[in-house]
Structures are given as structure tokens and as C-alpha cells.
Amino acid sequence: MSRGRAPPPNVDELFAPPPEAEGRFRRHLIAALGFSLGHSDVIGLAVSGGPDSMALLTLTAAVLPGRCMAATVDHRLREGSADEAAMVARHCAAIGVPHIILTPDHPIIGSSLQARAREVRYRLLAHWAAAAQLRAVATAHHLDDQAETFLLRAGRGSGISGLAGIRVRQHIDDMLVVRPLLGWRREALAELVRDVPHVHDPSNANERFDRTRVRRVLAPDGPIDVGGVARSAAILAQTDDDLRALIAMLWDERASSPSPGIVDLRIDRLPYQARRNLTQRALATVRAEAGIASPGFGEATSIEPLLARLALGETATQAGVIIKVRARATWRFSPAPPRRAH
């Protein structure tokens, strides 16, 4: 009787995650979604090709076989990005996950390149999610990303909203974005894809980027406990949610709009944090109604210098909005006039 070779493992067995990792991810995915998926529901995966996103792909394909799709955004910002996207496409084909490569219509240029690339990435993903009727899109943000974001924003003077860090669930451009890996360390995800094709983005080692320098401080043998930082961000996220509910009630009581694109806000007897959050909302409201897109503005933007000037009764501008102190402790927000050319 001849001895033949054992049959090679099939693709599912070759790239299957350990059972304990699969079970843990299933729990985290359900918690991130906030609801149970129906039998016909499909979720999307943002997969760049790095170890983190390939771990997300591997885990989701195991937990939701036949019920996930993947997209790779090729920003076309560096040589080799098209090859990386093609690698992801080949692997998705091998494991039976539908995949698409998304590219921007126009080159991404200008300052704050990473922020601009992020905006383009989420816009492309939102269009894809809507066309494919996906219940949600998952990204591979993890525990180390959360700690890095917290420290970066703390260094920039961000308030509670900014320090709350990366949310496990949020809506971006009408797309539900979930982050089921926020409780996972970078090293654990890299171990999961040790035998899975993946690439390393050279920008992650580029010292020009603040995040790269912060990452050194958060190394496993570094002085800061990554888990502790992430727990602080989670506590602040809950605090921020509670504060938002209170701010919504105060907004109804104290904000008025004498005409479109103008907001009057009564700030008498308000504690500082309430003034801060109402000011953020007033700025966002005027910008939206007036169609102000530049300069950029978001929840992580520091407005402390603005509040200090307003507290002194001075007129100030921020994010394309001018704020004037009026009688009866009222601040008026309106579009700032265009700057004169010299």
C-alpha cells in the first residue's frame, strides 16, 4: 500500500483565525453594531492591506461568511499603492469576499494631506456603502490607535469631545461606521495575520507625522499604559454623550436664529463646558447654513482661545464665522466677511 501525500488544507482552513479570537470578535462586532444582523444583512469592510485591516477581513470572513464585502481606497498618494490594492483584491477572491478598489476623481493635494485623504476615503466609502446597501462599514481602528489619538488631541488642547477619541460607532456622511477592534492591541492583530498576505505602509515609519512619534511613546516597553489611556477615552466618550443630551436641551432654550445663517446664543449663568459645547454647535450650524467649507472645523478643533476672547467682550472669528458680543449676555454668530486682498 503506497503512502500518498495528505491533501492540502482548503483556503478557509488556511486563513481561519483561532476559535477564541473568532468568538471574541463576534462579541465585539455585535456590541459595536448595537444590533443583531439579519440573515440578508451585509456589512462592508475598509481594507487597506495593512496587518490591522487584513485581520479585520480575516475575522469578519470567519464570523460572517458570505455576508461581508470589502473595499480598498487607493488614494494614489505614493508609488506602489495600486499594487497593494491589487494584493487585497487577490486575497479577497481567494477567500470568497467580494472586493472593490475605490479611487478619487481628483488628486489629493494641499496641506494637511492626511486629513484630506481621510475626508476623501470616507466619502468614497459612503458612496460605495449606499450603492451596495450595506448595513454598516467596519474599519480596523484598534486600541493603540485610540491611545495615539488621545495623546495627540491632548497635546493640541482638545476638549471632552476630542479626548473621547475614536468612537466605536458613529455616522459619517449617512454611513454607519463601526470599529469592532477598538479593544484589540496592534501586536495581537499582527499575530493573527502572520500567514495572511499583508503590506506595511511606509508612512507609518515617517518621522514627519506626529502619530509616528507618539507611537514610540506607546511601545510595549514604553512608560505609558495603552489600555489605561484607552479607558480614559472611553470614560470621556460616555461623559460626552451625557453632555450632548444636556446641550440639546440648552440649545432649545437659549439659541435662536433671527435669519438664516445667523445664531444668537444666550450664555448667562452657564458653566464653562456648556458654553463651550453650545459655541461649537453654533459654529457648526452657521457653517452648514452658510455653506462654509474652509477652513476646516470639527469636534476636535480647539476653541479655547476663541472663548477667552469672547469672555473679555471682544469680537472674534473662527472657522469662517465671526462672533460678536451683544447686550444681555448674547453672542451672535454669523458668516465672517471675506478678507480684503492687499
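Structural data are supplied above this passage.
Remember, predicted model here, so these are calculated numbers, not experimental data.

Describe the overall build of the protein chain, with residues and values.
Each helix and strand counted, the protein chain has twelve helices and eleven strands in total. For the C-alpha atoms alone, the extent of the protein chain along its principal axes is close to 100 × 45 × 40 Å. Considering the protein chain as a whole, with its 342 residues, one finds that 42% of them fall into the buried category. Relative to all contacts within the protein chain whose residues are 6 or more apart in sequence, the contacts with residues 24 or more apart total 68%. Looking at the protein chain as shown, the accessible area adds up to about 18800 Å², and 54% of this sits on carbon and sulfur atoms. The protein chain carries 43 positive and 36 negative side-chain charges, and their two centres are separated by 6 Å.

Requested: an account of the pairing of strand S5 (residues 169–172), with residues and values cited.
Here S5 runs beside strand S6 (residues 175–178); their pairing, made up of four bridges, is antiparallel. Across the sheet, Ile 172 pairs through a bridge with Met 175, a residue of S6. Taking the residues between adjacent antiparallel strands as the criterion, S5 and S6 are bridged by two residues, where Asp 173 takes a positive phi near 50 degrees.

Summarise helix H4 (residues 81–95); cite the residues concerned and give the values.
For H4, which comprises 15 residues, the first-to-last C-alpha distance of 22 Å matches the rise-based estimate of 21 Å (1.5 Å per residue) to within 8%. Among all positions of H4, only Ser 81, Glu 84, Ala 85, Met 87, Val 88, His 91, Cys 92 and Ile 95 are buried. Along the axis of H4, the buried positions cluster into a sector of 150 degrees, meaning they face one direction only. Of the exposed residues in H4, those oriented more than 90 degrees away from the buried face are Asp 83, Arg 90 and Ala 93. One or two residues past the end of H4 sits Gly 96, with phi positive at roughly 80 degrees.

Tell me about the environment of Arg 339, and please be specific about residues and values.
Within the secondary structure layout, Arg 339 lies in the segment after strand S11 (330–335). The class for Arg 339 is exposed, based on a relative accessible area of 84%. It is 52 Å that separates the C-alpha atoms of Arg 339 and Thr 58, two residues lying 281 residues apart in sequence.

Thresholds applied
Residues numbered from 1 in each chain as written. Predicted model: local features only at pLDDT ≥ 70, side-chain atom pairs only at ≥ 80, totals over all residues. Heavy atoms only, no water. Helix = DSSP H or I, 4+ residues; strand = E, 2+ residues; numbered from the N terminus. Buried < 20%, exposed > 50% of the residue type's maximum accessible area, 1.4 Å probe, protein only. Contact = heavy atoms within 4.5 Å. Areas by Shrake-Rupley, 256 points an atom, 1.4 Å probe, with all protein chains shown as cover. Lys, Arg positive; Asp, Glu negative; His and termini not counted. Charge placed at Lys NZ, Arg CZ, Asp CG, Glu CD. Pairing = 2+ DSSP bridges. Expected span 1.5 Å × (residues − 1). Arc of directions from axis to C-beta.

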